[in-house]
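Structural features, examined
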Amino acid sequence: MRDAVTEIVTIRGDLELLTRTAHLLSSVREEFVCAARDLDTWSRPGARQAMAARAGHTQQAQQSQQGHQVRKLLSPAALADEHSRAHLRELVDQGALVRIASAPLPHETIVIDRRLAILAGLDGPGGREYTLTTAPTLVGGVYALFDAAWETATDLKAFLRGEQPRLDAAGRTVLRALGSGATDEKAARELGMSLRTYRRRVAELLTTLDADSRFQAGIRAGELGLNG
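Residues numbered from 1 in each chain as written. Predicted model: local features only at pLDDT ≥ 70, side-chain atom pairs only at ≥ 80, totals over all residues. Heavy atoms only, no water.

1. Some points on the packing of helix 7 (residues 184-191) against helix 8 (residues 195-208)
In the contact formed by helix 7 and helix 8, the axes pass within 9 Å of each other and the chain directions differ by 100°. Between helix 7 and helix 8, the crossing angle belongs to the class labelled roughly perpendicular. When helix 7 is examined against helix 8, the residues D184, E185, A187, A188 and L191 are found in contact with a partner set consisting of L195, Y198 and R199. Grouping the amino acids of the contact of helix 7 with helix 8 by side-chain chemistry returns five nonpolar, no polar and three charged. (Axes fitted to C-alpha atoms, helices over the stretch in contact; angles between N-to-C directions. Helix = DSSP H or I, 4+ residues; strand = E, 2+ residues; numbered from the N terminus. Parallel < 35°, antiparallel > 145°, perpendicular 65-115°, else oblique. Contact = heavy atoms within 4.5 Å. Nonpolar A, V, L, I, M, F, W, Y, C, P; charged D, E, K, R; others polar.)

As structure tokens, then:
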């Protein structure tokens, strides 16, 4: 592993990441852990699909052949649509452990066999920046942070059984109105409601999202992938 990635390397762009790490993903021996905001881990579709196919094939084949563990920690935003939920259920059926964090995870992190860590940075004009490291202290620190977040997260099936609030069409409409920043009067008028009805709907939304304020409701909705 040390020959593949020398201590700390910074690269830019999803395609370069795929080129540099494809062989590493196929060499997992003990454990593959991943923390990500959602399932669109890689910003460029071509690279994302190639990486997902490579990682998915590797994880499924090696887990069955060698028994290595796969753990995925995701933000609630990963459950925003039924396709994503179905994909995660399939991963669980194949033996992966999937948990949902209580708060958003800003950037993606992968740790392989506690020996290699891949840290994703922000996207920029020249492509997204990634840091790859085999430095034991850094890898150990990243792994410890992942483990701490994992311990406080909720198992996927338990989360889907009822911890995620469900908004009907009316609730989502009111949520979008809140997000637009419109005054209550303007929002009520645009939605064809009386001001009293609109404010009642807002109060119901705050209760559903377990939020004490409209601002907190927006944050909570974002955490749960309910915006939009």
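2. Things to note about the confidence of the model for the protein chain
Averaged over every residue, the pLDDT of the protein chain is 79; residues scoring 70 or more account for 80%. Scored below 50 in pLDDT, residues 42-48 shows 17 contacts in the model against residues more than four places distant or in partner chains. In the predicted structure, residues 57-65 sits below a pLDDT of 50 and forms 20 contacts with residues beyond four places in sequence or in another chain. (pLDDT = per-residue confidence, 0-100.)

3. Quick notes on the environment of I100
Looking at where I100 falls in the secondary structure, it is placed in strand 4 (residues 97-100). Using a relative accessible area of 1% as the deciding quantity, one classes I100 as buried. Excluding residues that lie within four positions of it along the chain, I100 makes contacts with L73, L74, S75, P76, L79, A153, T154, L156 and F159. (Buried < 20%, exposed > 50% of the residue type's maximum accessible area, 1.4 Å probe, protein only.)

4. Focus: the pattern of salt bridges
A full pass over the atoms with the stated rule returns ten salt bridges. Of the charged contacts in the structure, one is a salt bridge between R114 and E31, with a shortest N-O distance of 3.8 Å. On the criterion of sequence distance, the pair formed by R114 in the loop between strand 5 (109-112) and strand 6 (116-120) and E31 in strand 2 (residues 31-36) is long-range, its members being 83 residues apart. The shortest N-O distance in the salt bridge between D184 and R199 comes to 3.0 Å. (Salt bridge = Lys/Arg side-chain N within 4 Å of Asp/Glu carboxyl O.)

5. Some points on the nonpolar core
Residues F32, L74, L79, L88, I112, L132 and L156 are the most contacted members of the largest nonpolar core, which totals 28 residues. The next biggest cluster of nonpolar side chains, apart from the first, holds 14 residues, and it includes A177, A188, L206 and L209. (Core = buried A, V, L, I, M, F, W, Y, C linked by side-chain atoms within 4.5 Å.)

6. So, the pairing of strand 4
Burial along strand 4 is one-sided: the face carrying V98 and I100 is buried and the face carrying L97 and R99 is not. Where strand 3 (residues 69-74) lies against strand 4, four bridges are found, and the strand directions are parallel. Its bridge partner lying in strand 4, K72 is registered against V98. Once you follow strand 3 into helix 3 (residues 82-93) and on to strand 4, the crossover reads as right-handed. Here strand 4 runs beside strand 8 (residues 154-155); their pairing, made up of two bridges, is antiparallel. Bridged to I100 within strand 8 is T154. (Pairing = 2+ DSSP bridges. Right-handed = clockwise from strand over helix to strand, strands pointing away.)

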